[in-house]
Structure formats: structure tokens, C-alpha cells
Amino acid sequence: MDSKQNSVLSLFIAVEHSLAHYCPALDYVASLVGNALVPSCGFTKAVPEVDIFPSGIGVLAKGHQFSIFKKSHADEAAKVVNYLVSCDSFKKFQEDAARLREILNEGIYLYAISTAVLHRTDTGGALLPPLWQVNPRSYFPGPVIKRAFDQVRRGKSDASDGSTPPAFTTGSNRDPEFKLAWWREDCGFNAHHYHWHQSYPWRGVNGVTKDRQGELFYYMHQQMLARYDAERLAVGLMRVDPYSNWHLPIPEGYNPQLTDYYGAYQFAARPAGMILADNWRDPSDPTLIIQQEYHRNRLLDAINTGKFEKNDGTKVDVDINGLGAAIEANASTPNKDLYGSVGIHNRGHDILAGITDPDYRYNQAGGVMGDISAAIRDPIFFRWHKFVDDLFFLHKIKLAPYTQTDLEFQNVQVDSVQVQVINPARPANTLITRMEDVVVDIANDMFLDPNDKPNTEVKVTVKQVNHDKFSYEVGVTNSSGAPLKAAFRIFIAPSLDEYGTQYQLDSQRRLFIEMDKFVTTLKTGSSAITRSSTRSSIIKPRELTIAELKKRGTTTKKGADDGSTCRADRYCECGWPEHMLVPRGTAAGMPFDLFVMVTNWANDSSTDDLDRGTSYCGVKDKTYPDKRPMGFPFDRKIDSALYKHVADFANGFSNMMTLPIKITCV
Amino acid sequence: MLHRKDTGSTLLPPLWQVNPRNYFPGPIIKRAFDQARLGKSDASDGSIPPAFTTGSNRDPEFKLAWWREDCGFNSHHYHWHQSYPWRGVNGVTKDRQGELFYYMHQQMLARYDAERLAVGLMRVDSYSNWHLPIPEGYNPQLTDYYGAYQFAARPAGMILADNWRDPSDPTLIIQQGYHRDRLLDAINTGKFEKTDGHKVDVDINGLGAAIEANASTPNPDLYGSVGIHNRGHDILAGITDPDYRYNQAGGVMGDTSAAIRDPIFFRWHKFVDDLFFLHKIKLTPYNQTDLEFQNVQVDSVQVQVNDPARPANTLITRMEDVVVDIANDMFLNPNDKPNTEVNVTVKQVNHGRFNYKLGVTSNSRTPLKAAIRIFIAPSLDEHGTQYQLDSQRRLFIEMDKFVTTLKTGSNAITRRSTRSSVIKPRELTIAELKKRGTAAKEADDGCACRPDRYCECGWPEHMLVPRGTAAGMPFDLFVMVTNWANDSSTDDLDRGTSYCGVKDKTYPDKRPMGFPFDRKIDSALYKHVADFSKGFSNMKTLPIKITCV
């Protein structure tokens, strides 16, 4: 048994409950810090040793909604993270984390403890438990939670009941956006988004941001949008519209149906037709529309002139990383005064989360937009991020298009490309998707008696997209006379627009979805390269449940496919959910263009750490493995006169190839 | 159970015990459930949650959350509507049901305005323009069990929209406008048009039937089969998700157990009350014969709280912590015994019990059965100006109505506040009901309920007296004595009957409800209420103060 893994798991037992309310959690804390803290399990209030922690920790009271997009909340969370990351031993970390449990707001505790686990270097590959097991009320709507709790009470599981609740309940056939509830409300997707933000906290870790954090902020969210648009086109919706006019009603509403424990607070439902209002929910730190507009104009000024103005008045060039830092804004922002100390992006989340009760007049909890574990459920998330992405776009279209030298890989030629699903009876070049029922266990949070053992089984059935595993088969010829280390870059994008017209490349390029990026050595002559979809550089394999993590061995083997492998230098929890790798497509088969490009890894490589999850999530405390701009080669303008369609582009270079494929949802 | 005749004097359990999630916000329910889990009660914890959590100091309406969210008040409103179902019982409405619909709600508004004036708010504004944003929002924080659904929070600034939540029976604003105009047509012409085309006179009972609409409506096609009133609740309840696009539960306006929590309830009912008002002001003012009681003279009026150290003619109110047990709904295991104690502390207004002391002289040679009618109303308007009677009359709150026999000569009458005809005594809890004997004794402990009463209906006793102000808020107390020999329909005046009537009998008092303040009073004749009472020997006005300590 891996003691560090179990220690990590123990930090998350029933985290929404007071220690005194749940004996297994309290016993664990007492085992670390002694019985003096909490003499016995019961209703006696624990006496926390607050004095050992820096000031500013324990400010946000329990029971209040935590939002990383609020400055005061983010400040407190950053203090806790920095403190815990700096603990000089794992034992000290473990003890202080246990002490903090009674002190911190539940949301800050969950965020800060798990963030510290991610950033410490001594956790020995221990994985975090799945968020939807730790905090099911932010992942499953009220009716599902009620049903689950009724099961706990009866000691019976789902199967014995007979009736099946609907998988998605946040909309209806009057709501066009509800067509993609299955996508926006996917547990793994929501967990990915949460983990990305804790792998790359906007406040930094000890005030320091990670390598290319600003650019990764841009790219990870840009890819979410590209994938969202592919799903929208598949179900007959228009591509997502930016939320750029902040004075008109928002036609799309959203009713999350999520609560914290027992409905003590409910994420606000956002009715259709609401108009943004200045957010005074924190009177000491308002989010004003005029300030958002000021920062927007300052960002446009930087984008249009190509120069940021620093605090001392000097100018520095705008690059994508600096622009991401300024927009989010992360701890490396070029100028907090001009571009925002909390950032136009973070404040946008905050102001939209508060739209139903902007001055906290009615004591109403905020909407999901304020919570990174649930924000992407709301259609406005994507409209907001489309606005943010448009800022990046305005910068990128000012850059010179890539040149021949940037794009070519001399002496390398892609001869053939094919994709084949595992079932050989299926035709080549057709990917297969389906909706599946998946049973998940959310027992961690459900107990009746303070002495109940944790993790009695409580099963909930969710509906998820999945796909048949498949392989890329690429034929490549190396005529250089020597072996070459080559990076394979694989993308797909919908071939047709809303009206069934073939996309021109300069429009289509924003829709290209990175599917994989891997390095292989090309021997001289022709090579037949087969790459399994399960190795994709964007994905995170299925998360291990708490029960599975307990059973898991201590070794962190490299190369296995069961998800139990995580090198200690990875953000293993971050990554696109494997089951969502392939866009769902349509029943009739939706045409996509698959694009393969081979580049010279000898020039491109920063580290040799390309692996699962690294495309969107990077490598822990190392540089991003690929030196090329993220999204290359589609991140810059492509001249329509030269390359009208993607096939024209690929035909222009021997190291590229385009393949028309179909994605069929069965 | 309310309408069966064979339940003896069985009382219903308090609704806030049966269905606490409709009466207490989520944070309180969570806390209570934690207690149930731990098997420990509130007291051992130490921390006290705030009593009211649905607003803040940015919300002016939150000043009266304590009033609108009172459990007893909400349960009164629920019980009134189940005592007088709009669909009738077996399709038949009760005696004067339409008029009682008018009067019970009119009195709620009068009391609401008294509370609003006390806390510095303007009197409630009618929600009559259905096309403008509604500035007041409301966040009920109520769920059903475990948050399976949540009553919708209604943000500030929403605009009414056609309600298609039930596609087979939409509530359309144009239809509401149509029925409103048809009702105005009836009010303005004094005639309802029946389904067969012939006309009948409009009276207050028929108008109430048409507006609510109850099963006795004169014409469901013209005045609405569901009723402008009911549809108004429905359309406002659905305002945040009018076509059920987002599968969002409705607001509290759709539930009689919680509707009065939302400030829009009172704005809506002010609109409804204005329709009744338009009818009433077309009626001829009461004449001398209507108002006088020959040979009877009110010599003196005094009110005195039970504590003799307190000055006369000052009523005393206070906010109190009251512990209620909501364990009925909390269980962990299917085999758990019900009714383990789970205590929740709520804040309620209460008042020092008091007596009315009246001196009345009868010059009749024979004893007279007399009805004593007691009202109060705020003396001063929003700006501290004394009310003229024709404005003040809509603010008069019925405090009591009782029958006594006047002997010849002078009579000293003492009447206890606890006997008020508007109140329901404190509800017995489930535990108390279990202990209660079967005898229906006439006692003051709430056990007394004659089988012919709607015992669960009635203004909560603890809310009898408006809260007033710390400085002492001036009210006019008005006493009128009338001839019960003429007025009486039954001799069943008792606690609760003023707003709730008597089960399956006629309303005890033949006078129009709200008499004598329901009709126009000529300002040229009677500028202030004191002028009015000086005009008649059987009336008297007493300036009193209500002090919140």
C-alpha cells in the first residue's frame, strides 16, 4: 500500500463536512496532530491552532461560496498553497493540511490542498481522487444527489430501484443550448478545467508563474472553443458567438441545479434575458463594466501597437505569452494598473457569476461562472471565452504568416495517412463515437452517522460520449540519409460550415483540434508509423476512483494504459478526458479534415517530455516540451490566395498531408 | 380533513413541522439535518445562524423579511386557501367566499402597509404595469427535500413574459389584459354578463368569485376560468423560466405555503385589491341609519397591557426567539422512530397581552345584544402628516369583533386580546397534539377547537399587533358598537372567524366585511377619523401608541 497515496486520499474524506461531524475524518486528523485538537468525535467544536499559520488564512468563513476569480478568495487560496508547497517535509505538509481542514472554507480547502499536492515535489506520484467523488454536489444536479442519498439511507444501490432518472435535466427542447448539455456537463471535462486552473494558478505558486503559462491559458481555452464549435456544428447550432456587447440582454440562460451540501447554498440559476450589471458583491473590490471596458481598450492598445507599457513607462513587445498573462491576468502580467490586477478574464467570470444578484442584495449565491469546477456548464462560459479568444486572435493576425522555412521539413515526405478503428470490420478513415452509460461511485460524501465507514458504494449512472479506440497509420519517407527525430502533429477540423459549404482554410484554421503530437525517429527510407489513439498527447486516461487508488501499487510504471501511471513530474490530473477525444460527429457521418504535419524535433524540442496530457497541460516545473507556438501551424493567418483549402496547404509541402475522414455517432 | 365532518376536533399538525423545507431556508435545514445525524440539538453548538438570510442592507424589502417569512403567517395563508379552495369542495363554494377572498387579502395589505410605514418604507405599490421591469427581486432559499428542486430566485429587474410552462394551458399577458378589461367593464357598468348573455348586478362576493376565480364565477369565459388572480400568481412564479426551457422550478408565488414571502405577492395583491376598490367606491357611502346605534353611547375607551407598570393606551411589541422542533421530516434510516427532537430557533414578533376597556351606556329599556367592532390604523403617513380618513380607511386593521349584551345604563366591558376574532392561537406541535386529550375544551391553550371551525386558519396570535416603532408609533384605535340583533347571521363569532368564517355555516356577521371602512367616506363631512366618530354616539376614537421594545 502506498502510504503517500493513502495520506493524500485521507485529506479529502467528506471535505464538505465539519471534522466534528464525521469521525473517520476526525480520527485521521487526530492521528496526525494529536487528540488535543479534537478530544472526541461529536458536536464539540475543534479548537484550531490558527496561530501557526500566516495571517490571511482562514478569512473566508465556512459555508460561503469560494471563487478563484475573486481577488480576496484567490489571495487567501494563494497564501495557503504557498504555505503548503513550502512545508519542508511531506509529514509537515500532511499535518498542516490536516490542521487547516477545520480552519479553511470548504472550497478553499479543497482547492488549496489539491493544488499543493500538484505542486509539491515529494508526493511520489500520488494522484488526487476524482473531484466528482470528493465534491459530487458540484458535479451532479440536485435530483441525482437526492436519489443517491436516499440510496445511502436505504443501504441499497441504484439497480434495485428500477426507475432511471434522466441523464441531463438542466434544459429542455425549448433550449437550443441544451443540445450540448451532455458535453458541457461531462464530469471529466469539468474536472479537467478545474485541474488546469490549479496546475496553472493565476496568482502563481509563491508568486511565480510556470513556463509559457500565459500562452497555455490562450491555447487550452482556444482548443476548448474549437471543440465546442465542432460539437455545435454537429447538432445544427451556429458556432459560438463572442459575448462582446456588455449592454444587451443575454438570450441564453442556464439553470445549473447544483447545490453545496443539502442545499445550504444553490448555484444561482441565470434566467434568459439578463443584462450585465456592475458587481458590488464584494464592496471593497467591485467589478465595474467601465473598468472592464478600460482594460479592454488598454489591451487593444497593446495589441494594436504591439507594445505593452510597463509600470515604469518603458515599452515591451507584445507576445502571446505576455498577452495571456495580461488578459487572465496572471502573476507575470506586464502591468496590473493598465491591464487589470485581477484581469479582464477573471473579472468577466466574476461579473457574470453575480449577474442575478449583482450587489448581493438577496444573499444569493453566485452562478457557476464563479467556480472553476462548474463554469463550463454554462453556455455563457464559451461566449465569454470566445470574446477573450478574439483578443488573442487580434494579436495573432498581426503576425507575419509562417514562411516556407517555418513550415517545411526538408527530405521528409508524408506518403500516406490512414485512420482505422480497432474493429477491422469498420471502414478505414471513419471514427466511431457513441453515448454510453457509465456508472460512477459518489459515496465519499454520503454518510448518515458520524461513525459510518467512508466509501460505502453509492452508484450514479451518467451518460458520456466515447469512441472506438483507433490508430493513425502514417507512411513517411526520410531521404536525408541519416535518422531524424521527427514530431508528428495531428489535427482535425470540420470540413463544412453551418450551411454545408466547404471551409476556406483561413476560417477553418480556428476550428482545428489538436488530436496528438508525438516524437518518433525516422529511419532512412520509408517508415510505416502506427500510433494508438490512447497515447494522445492531449488526453488524461480515465480517472482512478478512490477505491482503485487505494488498491494501486506504489510503483509508477511508465507505459501502461490503465491510468495508474503518472510520473511524478506530470500534472497527471490535468488533460482532456480520453472519452471525449473524438468529437461526437453525426449519425450520418460528419466530414472532418485530418491534417498531419511532420516537423524536425531537433529544432522544435525543448524537452523530451511529450507524453499524454502535455499538449494542454505542460510538464510539471519544466519548460513546455515543444518550442513552436502553441497551435502551430494554424495559429497565424494563412493567405487564402495561396492556400484556399486545407488540402491546398498540405499539397504545398511534402511534410504535410490531409485526409478527409468521417465521424459517425452510432 | 378540513372539510370532512367526521374528524371530530382533530387538528392538523403544523405545516412547518410537516414540510420544514418550505418554511426554513437551506442553511437552517442543513444545520438541522447535521443535528439529526449527530443526535444532538442546537444548543450544544454555540453558534447561532442569522434568523433571516434572504436579503441584505442593500434590499429595502428585507426590512420586512421577519414579517413575510413568519411561519405562522405563511401557514395561515396556506390554510385559508385550503379552507376556501377556488375550485370549491365538490364544486361548491362556501358562504361569501368571494367576499372573504377580498377581505382576508385586503387586511393582509393593511397590515403590510402598517409594517412598511413603521420601518420607513412607502406603502406597497400596485403591480399594474405588466410591461416594466420589476425592481424588487426575491431569493427564497427554500428547497424541497435535499435540493431536488429549488424554488426559483427572482432577480431584480425581470420583465413579465407569457408563461408556457404548461403548453396546454398557457398564461398569456394579453389574456390577463383581456380579463382585466372585462372585469373593469363589469365594475364600471355594475353588471356581469353571464354565459347565456343576461346581466346580473355586480356585488363584492360575485366580484371576488370572478377575480380569484372561484367555482361561483359569473362567467369563466369573460372573467377567466382560472382567474386573473390565480394566473397572476402562476405567471409571476414562472418569470425566471417562462417556457420551462431550463427545467427550473417556479418561484414561491406558485405555492400558497410560501407565496407571501416574496414582496411581489403584496404588489400583485394590491393590484387585485384596487379592482375591488374600484367597485367599492362606486357604492353609496353608508348613511346615518347604516352607521348609528340608537340609545347606545360609547363613553370611554382604553387599552392596557397586562403589565400595570406600563402606561395605558400603549401597546408593547418585541422580537422574540422561539424554538421550534422540525424533526418530523428528518430521519436517517428507514426504521428510525419519527419525531426525535431537532430544534430550530426562529425570530418572531410578539406583544404584551392587553385588554380593551370600554364604557358603554345603553339608554334602551331592554338589554341589547351589541357587536363591538375594533380597528386600528396608522395615524400618520410616510411624511408624518396626519391621514385624512378617506385615505386612512384602507389601512384600518380589524383587531377584534365580539358580541356582548348591554344592560340598561352604563356597562364596563373588558375584553382580552387573546380572544380576538382575527387570531389563531399558537399552533400545537405534533408532540403536543399527541399528548392532547380528545375533549375539545374551551381553553386558551390552543387545544380548543370546535369541530365546526377552520381551526388551522387565522391570523397568528403573535402577529396580532403591528410591530410599531421603538419611539412609539401613533395609531388610531376605533371602536364602533352596532346592533347585533340586526347584524347577526349566526352567533358563532369566535377566534379566527373574522378572516376565516365558520365551517359550513354562514359568515356570522351580515354587514359587509370591513364595515364601516369599506366604502367611500366623504372628506368634506369627516376629515379625520375622530371627526367621524364624533358624529355618532356609538363610535369612539382613541389615539394609541405601539412601542417596540
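Reading the values: rules and limits
Numbering of residues begins from 1 in every chain and follows the order in which that chain's sequence is written. Here chains are named by letter from A upward and ligands by number from 1 upward, in the order in which they appear as written. Residue-level local features of this predicted model are given only where pLDDT is at least 70; pairs of side-chain atoms are given and counted only at 80 or more, and the full residue set underlies all totals for whole chains, interfaces and linings. Hydrogens and water molecules were not included; the side-chain quantities draw on all heavy atoms of the structure. Any two strands are treated as partners once DSSP identifies two or more bridges connecting them. The numbering of helices and of strands both runs from the N terminus, where a helix is a DSSP run of H or I of at least 4 residues and a strand a run of E of at least 2. In this analysis, axes come from line fits to C-alpha atoms, helices being fitted only over the stretch in contact, and the angle between any two N-to-C directions falls in the range 0 to 180 degrees. UniProt positions are given in the numbering used here, feature names are shortened, and annotations may be inferred rather than shown by experiment. Here, a disulfide means two cysteine sulfur atoms that sit within 2.5 Å of each other. Buried, partly exposed and exposed residues are distinguished by accessible area as a fraction of the type maximum, computed with a 1.4 Å probe on protein chains only: under 20%, between the cut-offs, and over 50%, respectively. Residues count as neighbours in contact if any of their non-hydrogen atoms are within 4.5 Å of one another.

Another point: the sheet that holds strand β4 (residues 314–325) of chain B. Either a parallel or an antiparallel arrangement is found when strands of a sheet pair, and the pairing is made through backbone hydrogen bonds. Residues and elements named next belong to chain B. With respect to topology, 6 strands assemble into an open sheet ordered β5-β4-β13-β12-β7-β8, the strand pairing being mixed. Where the open sheet ends on each side, the last strands, each with one partner, are β5 (343–351) and β8 (397–406). Going from strand to strand, the sheet's axes swing by 30° on average, the running direction of each strand aside. Direction of pairing for β4 relative to β5: antiparallel, over a ladder of 9 bridges. Within β5, the residue paired with Thr317 across the bridge is His351.

Annotation from UniProt places "domain: Tyrosinase copper-binding" (unreviewed entry) at residues 378–389 of chain A. The span residues 378–389 of chain A shows a helical share of 92% and a strand share of 0%, and its end C-alpha atoms are spaced 17 Å apart.

This part takes up the state of the cysteines. Applying the stated criterion across every chain yields a total of 2 disulfides over all chains. Between the sulfur atoms of Cys574(A) and its disulfide partner Cys617(A) the distance amounts to 2.0 Å. Because the torsion about its S-S bond is -70°, the bridge between Cys574(A) and Cys617(A) counts as left-handed. One end of the pair, Cys574(A), is in the loop between α18 (546–551) and β11 (576–577); the other, Cys617(A), is in helix α20 (residues 614–617), and 43 residues separate them in sequence. Residues Cys574(A) and Cys617(A) agree in their burial class; the two are buried. Disulfide pairing places Cys457(B) opposite Cys500(B) at an S-S distance of 2.1 Å. Given an S-S torsion of about -70°, the disulfide between Cys457(B) and Cys500(B) has left-handed geometry. Of this pair, Cys457(B) sits in the loop between α13 (430–435) and β11 (459–460) while Cys500(B) sits in helix α15 (residues 497–500), and the two are 43 residues apart along the sequence.

Now for the sheet that holds strand β5 (residues 459–467) of chain A. Residues and elements named next belong to chain A. In spatial order, the strands read β5-β4-β13-β12-β7-β8; together these 6 strands make up an open sheet with mixed pairing. Edge positions in the sheet fall to β5 and β8 (513–522), since each of these pairs with one other strand and no more. Each neighbouring strand pair of the sheet contributes to a mean axis angle of 30°, computed without reference to strand direction. Pairing between strand β12 (residues 590–600) and strand β13 (residues 656–665): 8 bridges, direction antiparallel. Its bridge partner lying in β13, Phe595 is registered against Thr658. Where helix α10 (residues 213–234) meets the sheet, its contacts fall on β7 (484–494), β8 and β12, and the angle it forms with β8 comes to roughly 120°.

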